[in-house]
Amino acid sequence: MLANADENGEAHIVLCRVLMGRPEAIPAGSSQLHPSSDDYDSAVDNMQNPQWYVVWSKDMNTRILPEYVVSFKCPSLHQMQGSSGATSALKKPSPVARDMFPTLLAEIQRFVPSSKLETLQGTYNRFKKGQMKKDQFIRFLRAFIGDRVLTAVAKKLRGY
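The text that follows walks through the structure, step by step, so that each part is easy to find.

About the criteria used
Residues numbered from 1 in each chain as written. Predicted model: local features only at pLDDT ≥ 70, side-chain atom pairs only at ≥ 80, totals over all residues. Heavy atoms only, no water. Core = buried A, V, L, I, M, F, W, Y, C linked by side-chain atoms within 4.5 Å. Buried < 20%, exposed > 50% of the residue type's maximum accessible area, 1.4 Å probe, protein only. Helix = DSSP H or I, 4+ residues; strand = E, 2+ residues; numbered from the N terminus. Contact = heavy atoms within 4.5 Å. Phe/Tyr/Trp six-rings, centres within 6.5 Å; stacked < 30°, edge-to-face > 60°. Salt bridge = Lys/Arg side-chain N within 4 Å of Asp/Glu carboxyl O. Pairing = 2+ DSSP bridges. Axes fitted to C-alpha atoms, helices over the stretch in contact; angles between N-to-C directions.

1. Side note on the nonpolar core
Item 1. By size, the foremost hydrophobic cluster in this structure holds 16 residues, and its most contacted members are Phe101, Leu105, Ile108, Leu120, Phe137, Leu141 and Ile145.
Item 2. Contributions of two or more residues to this core are made by α4 (101-108), α5 (114-128), α6 (134-145) and α7 (147-157).
Item 3. The leading source of residues in this core is α6, at five residues.
Item 4. Ignoring anything within four residues of it in the chain, the contact list for Leu120 reads Leu105, Ile108, Phe140, Leu141, Phe144 and Ile145.

As structure tokens, this is what we get:
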């Protein structure tokens, strides 16, 4: 509900794994920026039934692992107000999407310094030979290339 549609009518949400640790209760909408003591790692709005979760900015790089970007068509605000349930039109993967890595890597090479290309190709070859699982290869790509480059390449390949 907090995602805004872009110029193409799509909204994007990042799904993450989060290590909450020991949460403390703070009221929803609080402007608190840090834990009240070293006894707490994070915060929630309600200890029994949390609706909002807070990871302090000082810990975000060690407690949050972005895993996926979910893109979906978002109905206009008028449609959302007029209906009881919003539906989203998800894109069906094209046949190319099943084996998108060769196309993706060919495009990534335009953004990556030549010093990284050998490592990238070697890791892809290990993946092709079955020496690395798909999720491991994707994690490698995200860490080695970066999410910004991957997002830019994916948008370009999808025609945005």
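2. Some details on the packing of aromatic side chains
Any aromatic ring pair is given by two values, namely how distant the centres are and how the planes are angled relative to each other.
Item 1. Within the structure shown, the criterion is met by five aromatic pairs.
Item 2. For the pair Phe127 and Phe137, a centre-to-centre distance of 4.9 Å together with 10° between the ring planes defines the contact as stacked. You can see Phe127 sitting in helix α5 and its partner Phe137 sitting in helix α6, a full ten residues away along the chain.
Item 3. For Phe127, a relative accessible area of 16% translates into the label buried.
Item 4. Owing to a relative accessible area of 0%, Phe137 belongs among the buried residues under this scheme.

3. Describing the pattern of salt bridges
Item 1. Counted under the stated rule, the structure contains nine salt bridges.
Item 2. With its nearest N and O atoms 3.4 Å apart, the salt bridge here joins Arg63 to Asp41. Placement of the pair is Arg63 in helix α1 (residues 60-63) and Asp41 in the loop between β2 (23-25) and β3 (42-44), with a sequence separation of 22 residues.
Item 3. Judged by its relative accessible area of 15%, Asp41 falls in the buried class.
Item 4. With a closest N to O distance of 3.8 Å, Asp135 and Arg139 form a salt bridge. Of this pair, Asp135 and Arg139 both sit in helix α6, four residues apart, which is roughly one turn of the helix.

4. Details of the sheet that holds β3
Item 1. Across the sheet, which stays open at both edges, the three strands sit in the order β2-β3-β4 with mixed pairing between neighbours. Strand pairing shows two members of the sheet lacking a second neighbour, β2 and β4 (53-55), which therefore form its edges. Going from strand to strand, the sheet's axes swing by 30° on average, the running direction of each strand aside.
Item 2. Alignment of β2 against β3, held across three bridges, turns out to be parallel. Within the sheet, the bridge partner assigned to Ala25 lies in β3 and is Val44.

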